[in-house]
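Working through the structure, step by step
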Amino acid sequence: MNYIKSPLNYTGGKYKILSPIFEIFPRQINTFVDLFAGGFNVGINVEADRIICNDQISYLLELYQYFASVSTDELIEEIHSTIKEFDLSLQNAEGYHRLRERYNETKNISDFFVLTCYSFNHQIRFNNSQKFNTPFGRDRSSYNASIEANLIRFCEALKTKNIKFSNRDFLKVDLSHLSRNDLVYCDPPYLISTGSYNDGKRGFKDWTSKEEQQLLDLLDRLNAQGTNFALSNVFYHKGLSNDLLIRWSRQYQVHFIDKTYANCNYHFKDRNCRTVEVVITNFTSEDYMPCQQLCLF
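Now for a quick tour of the structure. (Residues numbered from 1 in each chain as written. Predicted model: local features only at pLDDT ≥ 70, side-chain atom pairs only at ≥ 80, totals over all residues. Heavy atoms only, no water.)

1. Structural notes on the packing of aromatic side chains
One pass over the structure, following the stated rule, counts 25 aromatic pairs. With 5.8 Å between their ring centres and 50° between their planes, F25 and F32 make a pair best called tilted. Comparing F25 with F32, the two get one shared label, buried. Residues F170 and W207 carry aromatic rings whose centres are separated by 5.4 Å and whose planes lie at 45° to one another, so their mutual orientation is tilted. Here F170 is found in the loop between β3 (163–166) and β4 (183–186), whereas its partner W207 is found in the loop between β4 and α8 (209–224), with 37 residues between them in sequence. (Phe/Tyr/Trp six-rings, centres within 6.5 Å; stacked < 30°, edge-to-face > 60°. Buried < 20%, exposed > 50% of the residue type's maximum accessible area, 1.4 Å probe, protein only. Helix = DSSP H or I, 4+ residues; strand = E, 2+ residues; numbered from the N terminus.)

Right, here's the structure in full:
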């Protein structure tokens, strides 16, 4: 399928693996909750009657709300005007730094998006005072035709789909009204591959084994109330293993994004150089066979 790509290069984005993820999802979804929306690649592409886009990071939700509220033509014109005002290019670091200084003073949400286009590898990073501090992406990053095309499609989908925006900690989102026809999707920070946006040093909530267990407990409660959930995560990454997640997952269905790992007798002898990505659900998918046991060695 020709999926919509988020205009943000957000850490852990799922755009490249949307097909195997959507193979797992139920065919009919009433309310879809993207509990850790991030770049919102999953939520913007899912077919559901109602979509809830939630993330604890406020600038993401502000940006999506702005995209949804302003006309796309007006947005593109504003972006081009900013690029011209600061003479932004692949080489003009001085113009980038001046724009970054203005954004940190005014918090103009349009300036924030333009900064992400010219930042190093299009990354989003803030300091302890929540000031944008990503370095300039010299000869690497710029606003281009591809980004603009992605942005236009993304904005139009925000305007046409039934999307509600929520800026809350995952534990404070009310999920009690959801039922079996709904789906809560979780793509949290990964315990064994922490990104700079969730290291507890940027003014946003840290992600430790405490938060990991709180999320697993929440998913158990959703299962008990009869609500479908799907959790994206990794079992192994760069020589590390998430044993807490592996043990917990045994009561549910484990879907390997790389299906060659679906053989439960595989010992992961080369796990030091492999990332084993999974989606864990409390419902079955006819496209996958459930894995009852997973070797920890």
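2. Points about the nonpolar core
Counting residues in hydrophobic clusters, the biggest one holds 64 residues, and the most contacted among them are F25, F40, F67, F113 and Y143. Not counting residues up to four positions away in its chain, the partners in contact with Y143 are I76, I79, H80, I83, F113, C117, Y118, E148 and L151. (Core = buried A, V, L, I, M, F, W, Y, C linked by side-chain atoms within 4.5 Å. Contact = heavy atoms within 4.5 Å.)

3. Some remarks on the layout of surface pockets
Taken as a whole, the second largest pocket encloses approximately 260 Å³ of empty space. What lines the second largest pocket is a set of 16 residues, and nearest its centre among them are M1, F22, N45, V46 and E47. Sorting elements by how many residues they give to the lining of the second largest pocket places helix α1 (residues 18–24) first, with 3 residues. Grouping the amino acids of the lining of the second largest pocket by side-chain chemistry returns 8 nonpolar, 3 polar and 5 charged. (1 Å grid on protein atoms, 1.4 Å probe; cavity = no way out; pocket = protein on both sides within 12 Å on 5 of 7 lines; lining within 4 Å. Points joined across faces, edges and corners; volume = space filled by probe spheres on them. Nonpolar A, V, L, I, M, F, W, Y, C, P; charged D, E, K, R; others polar.)

4. Looking at the pairing of strand β7 (residues 253–256)
The alternating pattern of β7 places Q253 and H255 and V254 and F256 on opposite faces, both of which are buried. Pairing analysis gives 4 bridges linking β7 to strand β8 (residues 276–281), with the strands arranged antiparallel. What sits directly across from V254, in β8, is I280. (Pairing = 2+ DSSP bridges.)

5. Section: the packing of helix α3 (residues 58–69) against helix α6 (residues 109–118)
Between two packed helices, both the angle of their axes relative to each other and the distance between the axes serve to describe the pair. Between α3 and α6, the shortest axis-to-axis distance is 10 Å and the interhelical angle comes to 105°. Between α3 and α6, the interaxial angle falls into the category roughly perpendicular. Judged by residue contacts, Y59, E62, L63, Y66 and F67 of α3 engage I109, S110, F112 and F113 from α6. Tallied by class, residues from the contact of α3 with α6 come to 7 nonpolar, 1 polar and 1 charged. (Axes fitted to C-alpha atoms, helices over the stretch in contact; angles between N-to-C directions. Parallel < 35°, antiparallel > 145°, perpendicular 65-115°, else oblique.)

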